[in-house]
Amino acid sequence: MLGGCVRVVEFSKKKAQRYQGGVTLYVVVACMVAALGGSVFGYDIGISGGVTSMDPFLEKFFPAVYHRKHHQIFQDSAYCKYNNQGLVVFTSSLYVAGLVATMGASTVTSKYGRKASIIVGGISFLVGSALNAAAMNLIMLISGRVMLGVGIGFANQAVPLYLSELAHPESRGGLNIMFQLFTTLGIFAANMVNYRAQKVKTWGWRLSWTLGLAAAPALLMTVGGIFLPETPNSLIERGHLEKGRAVLEKIRGTKNVETEYGNMVIASQTAKSHTHPFRNIFERRNRPQLVMAICMPMFQILTGINSILFYAPVLFGSLGFGANASLYSSVMIGAVLAASTVVSIVTVDRLGRRALLLSGGIQMIICQFVVGIILALKFGEDKVLSKNFSALLVAAICLFVAAFGWSWGPLGWTVPSEIFPLETRSAGQAITVSVNLLFTFSIAQAFLSLLCVFRYGIFIFFSCWLCIMTTFVYFFLPETKGVPIDEMIFQWRNHWFWKQIVPGIIEGPQNDMLTEL
């Protein structure tokens, strides 16, 4: 039996090497249109932090925060300037809505295709941005955030799957990271808009909501989604075999797609024999993928990156940088994040996922400790950061963001989207998105309070988590570089730990067809 399993593994590797075609312009354009969902997600992250530091916005919707800010009423310290539950609810409502929506998005993605979820996500983004731009009261403002959350639930569910399924195995990492690249570009664009909008008195915050969200990426995502090709995996899964093959030939740029098409048909037959994806995903044979679907997005958030991105203007404002310097620093962070994500696109299919995650984790650990030490020694109570230490603090944060941009930022989405078999792929992505949004929500709820209570200790807290996740990657994550998405099971069967859990022989139609071949 062991020898048979080894032969299956060897056959799979040979079959993967016979995949024909490569990256075509058609695939690149389709991936860029789909990845616009990331730009809207990123724009909202950037806009939220910038708008909440604008005085007209605070005065209209959160007068208590505005009063505390301008009358130097900081409770116990300057770390507590923006600690307000209403402000936290405003930020977090988006992620609660996204968490709920992604479960429904899983069904839509599986039954109606990846395109359908992308289009629904785009429409929700448009509605949400319009409500926020026109908001006259807190209820209207939060309603807009909820609609944005629905858009995030659908887009984050469908887009990473779409990119992974459309890409050739040898370029899957780089194309999938387009989602994160557009997310970082969205953050950068939001910071640029905020920097200009804060100079427009009274209604500048409305300009922030309207200019980026409603006018460009959400509309392009919605309209472009109509013309996107459906992935061949999804078409074959839903019984459209001939159409699926035609799309596969088009995206690979060759008619010689027998091996890859055969793998997709096998995966589809296996998927049809498992009718309850959310039940099946908890079976022992899917245990490694389930662990990664939970741990990868959880660790991504526990790097502390969202705390910096959400509240970068707030954080720098609390540190005494002033309104203009605060937003300028955020623009700098957005530019670093976007540039470092490009580094990941170029290197991920050459160096592999593990190398980037391990190197990025080590750099982030060092940077978090540096930030914590600077704040512990040079800021707080009656201490004010000097210009030299302020510059050092910004440099440490930028190095942290750069490391995140080439490691956990993109790969926290890429790895979960490429490891699941077809029968549990949509369910697995739903769990990934749900965990991401759950922890994003939790950090958004707790960060300002934790910053107020723990002060500099919050950064030491995140650095400890970085040590844990770097160790986890070293011991438990196999390399997925260049492995066909429907052959990923063999990586778990060859791993020193997971092979003790995953069955050695494939069950069902897939095993029968592999044996015949």
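Our structure is the block above this text.
About the criteria used
- Residues numbered from 1 in each chain as written.
- Predicted model: local features only at pLDDT ≥ 70, side-chain atom pairs only at ≥ 80, totals over all residues.
- Heavy atoms only, no water.
- Helix = DSSP H or I, 4+ residues; strand = E, 2+ residues; numbered from the N terminus.
- Phe/Tyr/Trp six-rings, centres within 6.5 Å; stacked < 30°, edge-to-face > 60°.
- Buried < 20%, exposed > 50% of the residue type's maximum accessible area, 1.4 Å probe, protein only.
- Lys NZ or Arg CZ within 6 Å of the ring centre and 35° of its normal.
- Axes fitted to C-alpha atoms, helices over the stretch in contact; angles between N-to-C directions.
- Parallel < 35°, antiparallel > 145°, perpendicular 65-115°, else oblique.
- Contact = heavy atoms within 4.5 Å.
- Nonpolar A, V, L, I, M, F, W, Y, C, P; charged D, E, K, R; others polar.
- Polar contact = N/O pair within 3.5 Å; in protein donor to acceptor, adjacent residues only side chain to side chain.

(A) Geometry of the environment of Val 401. Within the element layout of this structure, Val 401 appears in helix H21 (residues 387–406). As a C-alpha pair, Val 401 and Ile 333 span 68 residues in sequence and 6.9 Å in three-dimensional space.

(B) Molecular detail of the packing of aromatic side chains. Evaluation of the coordinates by the stated rule reveals 13 aromatic pairs. Here Phe 461 and Phe 462 contribute two aromatic rings whose centre-to-centre distance is 5.3 Å and whose plane-to-plane angle is 65 degrees, an arrangement assigned as edge-to-face. A residue is classified by how much of its surface remains accessible, and Phe 461, at 39% relative accessible area, is partly exposed. Given a relative accessible area of 2%, Phe 462 falls into the buried group. Aromatic pair Phe 497 and Trp 498: ring centres 4.9 Å apart, planes at 80 degrees, arrangement edge-to-face. For Phe 497, a relative accessible area of 27% puts it in the partly exposed group. Stacked on the ring of Tyr 261, the Lys or Arg Arg 245 has its end atom at 5.2 Å from the ring centre. Positioned over the ring face of Tyr 474 is Arg 354, at 5.9 Å from the centre of the ring.

(C) Spotlight on the side chain of Thr 184. Along the chain, the position of Thr 184 falls in helix H10 (residues 178–197). The class of Thr 184 is buried, set by a relative accessible area of 0%.

(D) Focus on the packing of helix H2 (residues 25–34) against helix H8 (residues 138–166). Between H2 and H8, the least distance of the axes is 10 Å, while the angle of their chain directions is 170 degrees. On the basis of their axis angle, the class for H2 and H8 is roughly antiparallel. Each of Val 27, Ala 30, Cys 31 and Ala 34 in H2 lies in contact with H8, whose residues at this interface are Val 159, Tyr 162, Leu 163 and Leu 166. Looking at the contact of H2 with H8 residue by residue, the classes come out as eight nonpolar, no polar and no charged.

(E) Structural detail: the side chain of Thr 24. Looking at where Thr 24 falls in the secondary structure, it is placed in the loop between helix H1 (2–17) and H2. Reaching out from Thr 24, the side chain makes a polar contact with the backbone oxygen of Ile 251 at a distance of 3.0 Å. Sequence-distant contacts of Thr 24, that is, excluding residues within four places in its chain, are made with Lys 250, Ile 251, Arg 252 and Gly 253.

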